[in-house]
Amino acid sequence: MNDISHAPSFGDDDSTIANSPTPRQAAYARARTHIGLLIGGGVLLTMVVMALFAPLLAPHDPYVQDLANRLVDPFWGQKTNPANPFGTDGFGRDYLSRIIYGARVSLFIGAVAMLISGFIGTTMGVLAGYFGGKIDHLVTFLITVRLSMPVVLVALAVVAMSGGSLGVVTVVLGLLLWDRFAVVMRSATQQVRRLEFVTAAEAVGMAWPKILWSEILPNLANHLIVIGTLEMAHAIVLEAALSFLGLGVQPPTPSWGLMVSEAKSYMFFDPWLITIPGVMLFLLLLAINLLGDGVRDVTSPGEIW
Amino acid sequence: MGYFLKRLGLALLVALVVSVISFGALRISGDIATAIAGEGASSEDIEFTRKQHGLDRPLPIQYLDWLSHALQGDLGTSLYFRVPVAELIGDRLPISLALGCLALIFAVSLAVPLGVVAALKPNSIVDRLALWLAVVGQAMPTFWFALLMIVVFGAWLRWLPISGNESWKNFIMPAIALGYYATPAIMRLTRAGMIEVLGLDYIRTARAMGLRSGTVLFKHALRNAVIPVVSLTAVQFGFMLGGSIVIESIFSLHGAGHLAWISISRSDLPVVQGVVLVLALIYILLTLLADLLNAWLDPRLRIE
Amino acid sequence: MADRDTTPPRSDGAPSPAPLLVVRNLRVTLPTLGGDLHAVRGVDLSVRAGETFGIVGESGCGKSLTSLALMNLLPRHARRGADRIEFAGQDLQALGERQMGDLRGNSMSMVFQQPMSCLNPAYTIGNQLVSVFRRHRKVGRSEATERAVYLLDKVGITGGRRRLGQYPHQLSGGLRQRVMIAMALMCEPDLIIADEPTTALDVTIQAQILHLLAELQQEFGMSIILITHDLGIVARIANRVAVMYAGEFVEVGSVDQLYSDPRHPYTRGLFDCIPQPGKTPPGARLGFIPGIVPSLFGKTAGCAFATRCAKAGDACRDAPPWHGDADGHEVRCHFAGAGPNPTAAPPSQGT
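What counts and how
Residues numbered from 1 in each chain as written. Chains lettered and ligands numbered in written order. Predicted model: local features only at pLDDT ≥ 70, side-chain atom pairs only at ≥ 80, totals over all residues. Heavy atoms only, no water. Axes fitted to C-alpha atoms, helices over the stretch in contact; angles between N-to-C directions. Helix = DSSP H or I, 4+ residues; strand = E, 2+ residues; numbered from the N terminus. Parallel < 35°, antiparallel > 145°, perpendicular 65-115°, else oblique. Contact = heavy atoms within 4.5 Å. Buried area = accessible area lost by both parts, 1.4 Å probe. Salt bridge = Lys/Arg side-chain N within 4 Å of Asp/Glu carboxyl O. Polar contact = N/O pair within 3.5 Å; in protein donor to acceptor, adjacent residues only side chain to side chain. Nonpolar A, V, L, I, M, F, W, Y, C, P; charged D, E, K, R; others polar. Left-handed = near helix turned anticlockwise from the far one by under 90°. 1 Å grid on protein atoms, 1.4 Å probe; cavity = no way out; pocket = protein on both sides within 12 Å on 5 of 7 lines; lining within 4 Å. Points joined across faces, edges and corners; volume = space filled by probe spheres on them.

Asker: Tell me about the packing of helix α3 (residues 35–52) of chain A against helix α5 (residues 95–131) of chain A, residues and numbers included.
Answerer: Residue and element names in this part refer to chain A. In the contact formed by α3 and α5, the axes pass within 8 Å of each other and the chain directions differ by 105°. As the angle between them shows, α3 and α5 are arranged roughly perpendicular. Here Leu-44, Met-47, Val-48, Met-50, Ala-51 and Leu-52 of α3 come into contact with α5, specifically with Ile-99, Ile-100, Ala-103, Arg-104 and Leu-107.

Below, the structure written as structure tokens:
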């Protein structure tokens with residue numbers, strides 16, 4: 001053989017191997033300096049605290065109307081009231097309290113719809129990726145079908161027909177938003193499936209449900225978190241849009257999308273009425289997206305975006 | 001050619017399944033007879049309506065009945081407008097398609113150049129700005145963005161009309177509101193694709209042969225980088241048509257989305273079913289076109 | 001396996017003395033998170049018109065970066081420095097990217113290692129060949145097409161016109177490498193840099209491609225810089241050879257000098273690693289070079305090979321000088337000149 005390529009090359013330096021941190025340590029080190037991740041995580045945590053402790057934090061009952069006290073300006077306006085820092089809406093309800101309770105609606109719908117769609121999509125994707133063949137064809141077909149359906153329209157129609165309630169909206173969104181989970185989990189499973197430890201597990205005769213659960217799924221966790229954040233944001237923005245159109249969560253529930261909708265008629269005179277819930281939605285979505293991007297950056301460095 | 005036929009057959013099957021699911025989902029979630037009979041109708045009235053419209057038959061029979069009519073272009077009659085659904089949709093669809101096309105043009109002409117520029121200098125100021133725009137853009141709910149535009153450009157600055165569809169000016173804000181939401185995804189994919197392609201061996205070959213940087217960038221790199229973007233854009237156009245329901249209702253554009261919205265509020269089920277079917281068909285057609293376009297862009301995809 | 005019977009004709013005619021390419025103290029630095037990596041550390045090189053100059057070294061020694069540095073095609077973050085890079089009397093360092101582009105593919109051209117990925121999958125090979133020619137020559141499409149057919153014929157691809165309409169994925173690896181060579185030859189360059197042109201190919205195809213390169217050189221008279229890790233390939237086609245180690249040349253000479261009388265301990269180690277017909281007894285263990293290549297981060301001093309060299313002494317803490325013969329065989333080792341003489345070395349500076 002006229003080949004010297006088996007001579008040692010640069011990468012074999014023992015000292016660099018000994019000194020390099022484990023992937024987990026490296027990810028943790030990157031996470032501590034990842035600004036987007038820290039901001040996203042911080043804002044999201046604040047929102048979660050707000051939602052969990054809404055009854056303690058809200059200064060007023062979000063449902064109590066006070067028609068004598070309508071359209072009070074927020075603290076930076078002219079016609080203010082110290083008892084209503086964010087002012088009041090067209091029914092005289094305290095805006096700050098409604099904003100705080102609104103976090104519950106968004107986060108509940110986002111989280112539960114994400115869990116439902118994540119369960120459906122992950123199951124389909126992992127099965128398709130692991131077994132391939134006919135199952136894969138079927139799942140791919142179902143994904144195509146799902147992508148071909150106009151989600152907003154179908155969600156609106158179904159929610160409207162069955163009477164909008166928090167539960168219905170959540171379940172409908174959960175049943176509609178599984179496509180990205182399925183697509184990503186399918187290709188990720190196809191990759192993991194080829195690795196030696198899966199072959200080893202098969203060789204020792206491990207049953208396939210156990211292989212999927214204990215060998216494959218743990219290796220998909222990063223992807224799951226990233227897609228989970230994306231779909232949570234997706235569900236939140238869809239709920240807001242449905243409620244905004246008046247066909248989602250029904251009044252007087254304090255949903256941010258519904259609040260924007262209710263404030264529409266005042267928007268030229270009191271633009272803060274649409275600005276405050278809009279900004280809250282924006283902040284929540286931004287936080288979730290930053291968190292998702294951050295997790296991806298931290299767990300798979302190299303892909304910068 | 002065989003590949004194309006296979007692809008076409010699959011598309012038809014998808015359309016069929018979509019129609020089954022949307023028909024089923026809508027029928028299960030509400031009682032159409034109650035809706036037709038109107039508010040305050042007695043239970044006898046409702047039962048009479050049910051029989052009259054053939055709604056007492058088993059659901060599969062109703063579906064086949066609807067399908068056989070739909071295949072002949074008859075999507076039923078609107079319960080509210082009392083005119084054929086196909087006619088209604090035919091009237092309204094051009095507005096939605098125009099809106100969708102404008103939104104797509106806006107999104108692509110913003111996203112692709114930004115993605116390319118960002119890819120040319122990763123981690124530069126332009127790149128970071130583009131990333132920042134993408135993150136912020138993705139967090140902005142469409143309807144809220146639309147309302148902000150109405151307040152700023154319609155009410156304060158009075159540059160643009162805020163509702164109706166009389167002139168092309170009416171389409172500017174809706175198209176931006178609908179299109180910006182697709183921008184981050186297209187930009188990210190363009191950037192990722194360009195970065196990947198620019199690092200490939202054949203780009204180095206092109207440079208080693210002295211080809212001009214413009215030729216290398218546009219002829220050799222962009223064409224290959226844009227292939228996944230084409231598929232994504234088709235998907236995004238589908239989203240836009242679906243999302244036009246929000247935008248059309250905000251800007252009172254009387255397109256198919258607006259029609260769907262008022263029909264949902266009025267439980268005008270035949271119209272809703274018709275719009276869902278037509279939008280799904282358009283989406284399927286678009287993905288088919290995207291596949292053909294990609295086969296033209298990448299000869300490796302031509303032999304399957 | 002390299003079979004010496006298939007040795008292609010080597011251009012043994014005396015190369016003209018005027019150097020086509022002169023390089024002095026070429027350096028390539030790669031900034032990394034761990035500091036600057038000095039991948040090429042002061043390479044001197046001169047290639048005469050019509051000769052084949054081989055650069056041999058193991059992977060990671062900096063030979064590919066050297067070739068890319070000559071073409072100014074280094075990765076974006078890499079930095080190039082040199083006292084002199086002169087090609088056909090032109091100072092390449094003074095040229096802008098645009099003027100460099102006028103030279104590339106025209107008077108200096110390159111053949112790469114990966115034929116599978118070096119051609120653009122989206123365009124026919126005709127399109128790619130024609131666009132190279134029309135970039136550098138003011139000719140019409142039909143004339144450029146004629147040229148492409150002519151060169152495809154020269155590189156042994158028959159049915160040229162039909163081939164022009166084919167896409168790279170429709171060709172085998174060997175054919176693609178022939179297309180790549182045809183592309184490099186489109187404008188009759190004075191210099192072709194071939195970076196591991198046969199590494200990715202089957203052994204039988206390797207021999208054909210080498211043969212082809214040698215034949216084309218006879219016909220067109222260009223110089224070739226052949227970069228490889230394969231001593232057998234160099235022996236078959238090169239006139240002169242440089243052995244590269246850790247970013248430096250350690251020995252330069254004609255093929256005969258190097259093969260009959262390797263003087264640098266590293267060169268000798270390389271020869272011990274390969275079986276040689278007639279010399280290596282059957283069943284004998286092949287040699288190997290102990291140790292690992294030193295880190296090229298930060299400043300380095302002394303002989304880079306010292307850590308792996310059996311002969312290494314105190315003198316090796318200083319950069320070794322070049323020792324040259326009258327007949328051009330040069331070696332960079334403290335012990336290669338007048339024989340081992342460690343005491344003559346100046347006091348060590350510490351590393």
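Asker: Tell me what's going on with the interface of chain A and chain B, and back it up with residues and numbers.
Answerer: Interfaces are often described in size by the accessible area the parts lose on coming together. Tallying the contact residues gives 42 residues for chain A and 52 residues for chain B. For the pairing of chain A and chain B, the buried interface totals around 4,100 Å² over both sides, and the portion due to carbon and sulfur atoms is 83%. Ionic pairing is found between B:Arg188 and A:Asp293, a salt bridge with its closest N-O pair at 3.0 Å. On the surface where chain A and chain B come into contact, there are 3 residue pairs in polar contact (both at pLDDT 80 or more). Listing elements by their share of the side of chain A that touches chain B, those giving two or more residues are α6 (133–148), α7 (151–161), α12 (221–244), α13 (256–263) and α14 (272–299) of chain A. Considering every element that reaches the side of chain A that touches chain B, the biggest residue donor is α14(A), with 12 residues. For the side of chain A that touches chain B, a count of residues per class yields 32 nonpolar, 7 polar and 3 charged.

Asker: How would you summarise the packing of α5(A) against α12(A) if you had to cite specific residues and measurements?
Answerer: Residue and element names in this part refer to chain A. Packing of α5 against α12 leaves a shortest axis separation of 8 Å and a crossing angle of 130°. Judged on the interaxial angle alone, α12 and α5 are oblique. As α5 packs across α12, the resulting crossing turns out to be right-handed. Across the interface between the two elements, Val-105, Ser-106, Leu-107, Ile-109, Gly-110, Ala-111, Ala-113, Met-114 and Thr-122 from α5 touch Leu-224, Gly-228, Glu-231, Met-232, Ala-235, Ile-236 and Glu-239 from α12.

Asker: Any chance you could break down the layout of surface pockets for me, citing the residues and the numbers?
Answerer: Estimates place the volume of the second largest pocket at around 1,100 Å³. Taken together, 29 residues line the second largest pocket, and the ones lying closest to its centre are B:Leu198, B:Ile203, B:Arg207, C:Leu74 and C:Arg76. When residues of the lining of the second largest pocket are traced back to their parent elements, those giving at least two are α5 (85–120), α9 (183–198), α10 (201–208) and α11 (213–225) of chain B together with α2 (97–103) of chain C. A per-element tally of the lining of the second largest pocket places α10(B) first, with 4 residues.

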